Amino acid sequence: MDLTALAQKNPDHWRRAASIRTLALDAVAAANSGHSGMPMGMADLATVLWGKHLSFDAAAPDWPNRDRFILSNGHGSMLLYSLLYLTGFEDMTLEEIKNFRQLGSKTAGHPEYGHAKGIETTTGPLGQGIANAVGFAMAEESLRARWSKKIIDHYTWVFAGDGCLMEGVSHEAISLAGRQKLSRLIVVFDNNGITIDGKVSLSDTTDQTKRFEAAGWDVFECDGHDPEDIDRAMTAAKASDRPAMINAHTHIAIGSSAQDTAKGHGALTDKQLIADAKAAYGWPYGPFEIPEDVKAEWEEIGRRGRAAREEWEDRFAALSANKQGEFRRAFSGEMPRKLSATIKALKKQVSETKPSVATRKASEMALEVVNPIVPETIGGSADLTGSNNTLTGGLGVFDDSNRKGRYVHYGIREHGMAAAMNGMALHGGIRPYGGTFLVFTDYARASIRLSALMGLNVQYVMTHDSIGLGEDGPTHQPVEHLAMLRATPNLLVFRPADAVETAEAWECALNAGDRPAVLALSRQNVPTVRVDHKAKNLTSAGAYVLSEASGKRQVILMATGSEVSIAMDAKARLEAEGIGTRVVSMPCMELFAQQDEAYRRRVLPGGAVRVAVEAAVRQPWDRWLLGERGREAKAAFVGMNSFGASAPAEDLYVHFGITADGVATAAKGLL
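Residues numbered from 1 in each chain as written. Predicted model: local features only at pLDDT ≥ 70, side-chain atom pairs only at ≥ 80, totals over all residues. Heavy atoms only, no water.

> So what exactly am I meant to see when it comes to the sheet that holds strand E3 (residues 185–191) here?
Two strands in a sheet stick together by hydrogen bonds in their backbones, pointing the same way (parallel) or opposite ways (antiparallel). With parallel pairing, five strands are arranged side by side in an open sheet as E1-E2-E3-E7-E6. Looking at strand neighbours, the two that pair on one side only are strand E1 (68–71) and strand E6 (218–223), the edges of this open sheet. Averaged over neighbouring strand pairs, the angle between their axes works out to 20° when direction is ignored. The pairing of E6 with strand E7 (residues 244–249) spans six bridges and is parallel. Directly across from aspartate 223, in E7, lies its bridge partner histidine 249. (Pairing = 2+ DSSP bridges. Helix = DSSP H or I, 4+ residues; strand = E, 2+ residues; numbered from the N terminus. Axes fitted to C-alpha atoms, helices over the stretch in contact; angles between N-to-C directions.)

Pasting the structure below:
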């Protein structure tokens, strides 16, 4: 490739692109760690996109109607950091560039949401960014329909590589976007033919053009190093009435001795290689040195969107005060003031009528009162709507014929659903929730983890939460999943005992700020155990005394979900024998762990023997059984230590010993 000819044909473009390439080389070399080749290879694409097409204002990085730029191939993070620094984002300084991959820097090895403005999502686990982008684009469509194109009308741009397109979640995302006809979604494919192991052809021979076309996308091709050809393809992609993919043919680590090799994927730190590459770029400057005229050109690009942003602000100011307030509330994540009173009224009704319903049904009851007063919710299910009970009256189905619909049929795409919900939450103005079976959190796990890592308020409605689902058997019966989810930092896991706790759990989840939540819900009916109405949200403390011992307290039974009623029955048996028994309902271990020592001591005082009962594995319970004034010699667990079996639910509970008699026997054995 004749770099001299490229530079001579478009000298201004070439120097701007070279500034990205050299910053990436210098930062990776300084860190002795990172990925140089992708920023070098995609610099031309980024220069054209940010210079001519991306609508943004570096001085107002949170402008709601900005175009979103998603770096799905996040290992090339220096591409994004370079762009943010060059265009003048206030918190991306040259010092941050120099501190690439160092402790406490904003320039983490992979882009992390919240570290710096302009980082729209955390990427690095390949495929997540492109799948998040589907959610961004869905949010844009929904909000444009609700608020009009005067307020929301923007594109979502994605840079993605071979790795993103090989990951399974990409197929879920691509096919969902095609079905939804997300015309404001544009993916730029860095088609450089190289992975860590070598040529892509070692492991994959997929024709990506045909793949995207088969999923309902428009596909455009360009030379990824020819700015005029790139501009042509991007202009055409924006005019498409379907999601668009630009198949950009590039050279990884262009201009270096590692060009078009697997070595070019990683950290290029050899001093001679770097010097030779800079010479090939015609770049006579020192490490991290950007000529003033080049920096000024980039900063002008960073200001280019100011006029559009100010015009948007004028249009927004023309809205009524109520509409402005509602828009700001939705984007801030605050809940409507009436939510608390609405939940209290539902709790009172349940306590008075005492229904025996599955907690998945109780969740539907909560959503029936939540959705009308929280208009930014968008619900959905991975093809289990009738089982998850996630669709409530009046939502309407979101698709290409009804962008005002608030319910998404995600199909059998648990991972894609979770990733898209992350994208919706990141976009702002949307509160997503979606359902599947709890066992299939395995399929959605990577995106649930990123919800927690990014601090996104996403709700996962996970039903069929135990052996209580019955005949579908051990393939569908989760036993280890609660432990896995509870082990995830920053994730709230609710397993409510009845319809009262379920309503409280929804209120807690929606008000959880920067924490996602899993609601683990039963298939089988459970009795109402909270029969005395209390206005206070007891679930917000994580655990509380549901039923006090009638005499001297000798036993504390702890339980969650469908096993709380079993604990209550066990209490009746024990107290019939004169054994004073307290029952503690623990719908959310994470919230209980946050309570102060005094409260935890009141709920779990020392002295009494402790038995925990949950139709899952023991692992998360040991803190409450053995710690917090507990003792191993005075603690027992009634639950699962194996996979389940296929049989009616009531037979399974007896077979595995999760019964009131089993709990009572375990308690007496400790006395």
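Having put the structure on the table, let's press on.
> Hey, could you run me through the nonpolar core in this one?
Generally speaking, a soluble globular protein has its nonpolar side chains buried in company with each other. Residues Met138, Leu185, Trp217 and Tyr410 are the most contacted members of the largest nonpolar core, which totals 69 residues. The element that contributes the greatest number of residues to this core is helix H6 (residues 128–147), accounting for ten residues. Counting 68 residues, the second largest nonpolar core, distinct from the first, contains Ile20, Leu49, Tyr81 and Leu268. (Core = buried A, V, L, I, M, F, W, Y, C linked by side-chain atoms within 4.5 Å. Buried < 20%, exposed > 50% of the residue type's maximum accessible area, 1.4 Å probe, protein only.)

> Please explain the packing of helix H2 (residues 11–31) against helix H12 (residues 292–303) as it appears in this structure.
A pair of packed helices can be characterised by two numbers: the angle between their axes and the separation between those axes. Remark: H2 packs on H12, axes separated minimally by 10 Å, with the N-to-C direction vectors making an angle of 90°. For the element pair H2 / H12, the angle class is roughly perpendicular. Contacts between H2 and H12 involve Asp12, Arg15, Arg16, Ser19 and Ile20 from the former and Asp293, Val294, Glu297, Trp298 and Ile301 from the latter. Broken down by class, the residue content of the contact of H2 with H12 amounts to four nonpolar, one polar and five charged. (Parallel < 35°, antiparallel > 145°, perpendicular 65-115°, else oblique. Contact = heavy atoms within 4.5 Å. Nonpolar A, V, L, I, M, F, W, Y, C, P; charged D, E, K, R; others polar.)

> Honestly, unusual backbone geometry in this entry has me stumped. Any pointers?
Excluding glycine, residues mostly have negative phi values, and the peptide bonds linking residues are mostly trans. Positive phi values are uncommon outside glycine, yet aspartate 260 reaches one of about 65°. With respect to the helices and strands, the residue aspartate 260 is situated in the loop between E7 and helix H11 (271–281). In this structure, phenylalanine 288 takes a positive phi of about 65° despite not being glycine. Mapped onto the elements of the fold, phenylalanine 288 is located in the loop between H11 and H12.

> Is there a simple way to explain the packing of aromatic side chains in this structure?
To describe a pair of aromatic rings, you give the distance between the ring centres and the angle between the ring planes. Taken as a whole and judged by the stated rule, the model has 19 aromatic pairs. Aromatic side chains tryptophan 312 and phenylalanine 327 sit 6.3 Å apart centroid to centroid with 50° between the ring planes, which places their arrangement in the tilted category. With a gap of 15 residues between them, tryptophan 312 in helix H13 (residues 306–317) and phenylalanine 327 in helix H14 (residues 321–332) connect regions that are remote in the sequence. Judged by relative accessible area, phenylalanine 327 falls into the buried class, the value being 2%. A network of ring pairs unites the aromatic residues Trp50, Phe56, Phe69, Phe89 and Phe159 as a single cluster. The residue whose ring lies beneath arginine 21 is tryptophan 14, and the NZ or CZ to ring-centre distance is 5.1 Å. One cation-aromatic arrangement involves arginine 21 over tyrosine 281; the distance from NZ or CZ to the ring centre is 5.7 Å. (Phe/Tyr/Trp six-rings, centres within 6.5 Å; stacked < 30°, edge-to-face > 60°. Lys NZ or Arg CZ within 6 Å of the ring centre and 35° of its normal.)

> Where do I start with the packing of helix H18 (residues 414–427) against helix H19 (residues 441–454) in this structure?
Where H18 contacts H19, the axes come no closer than 6 Å and their chain directions differ by 20°. Considered as vectors, H18 and H19 are oriented roughly parallel to each other. Of the two possible hands of crossing, H18 and H19 adopt the one that is left-handed. Contacts from Glu414, His415, Ala418, Ala419, Asn422 and Leu426 of H18 reach H19 at Tyr443, Ala444, Ala446, Ser447, Leu450, Ser451 and Met454. (Left-handed = near helix turned anticlockwise from the far one by under 90°.)

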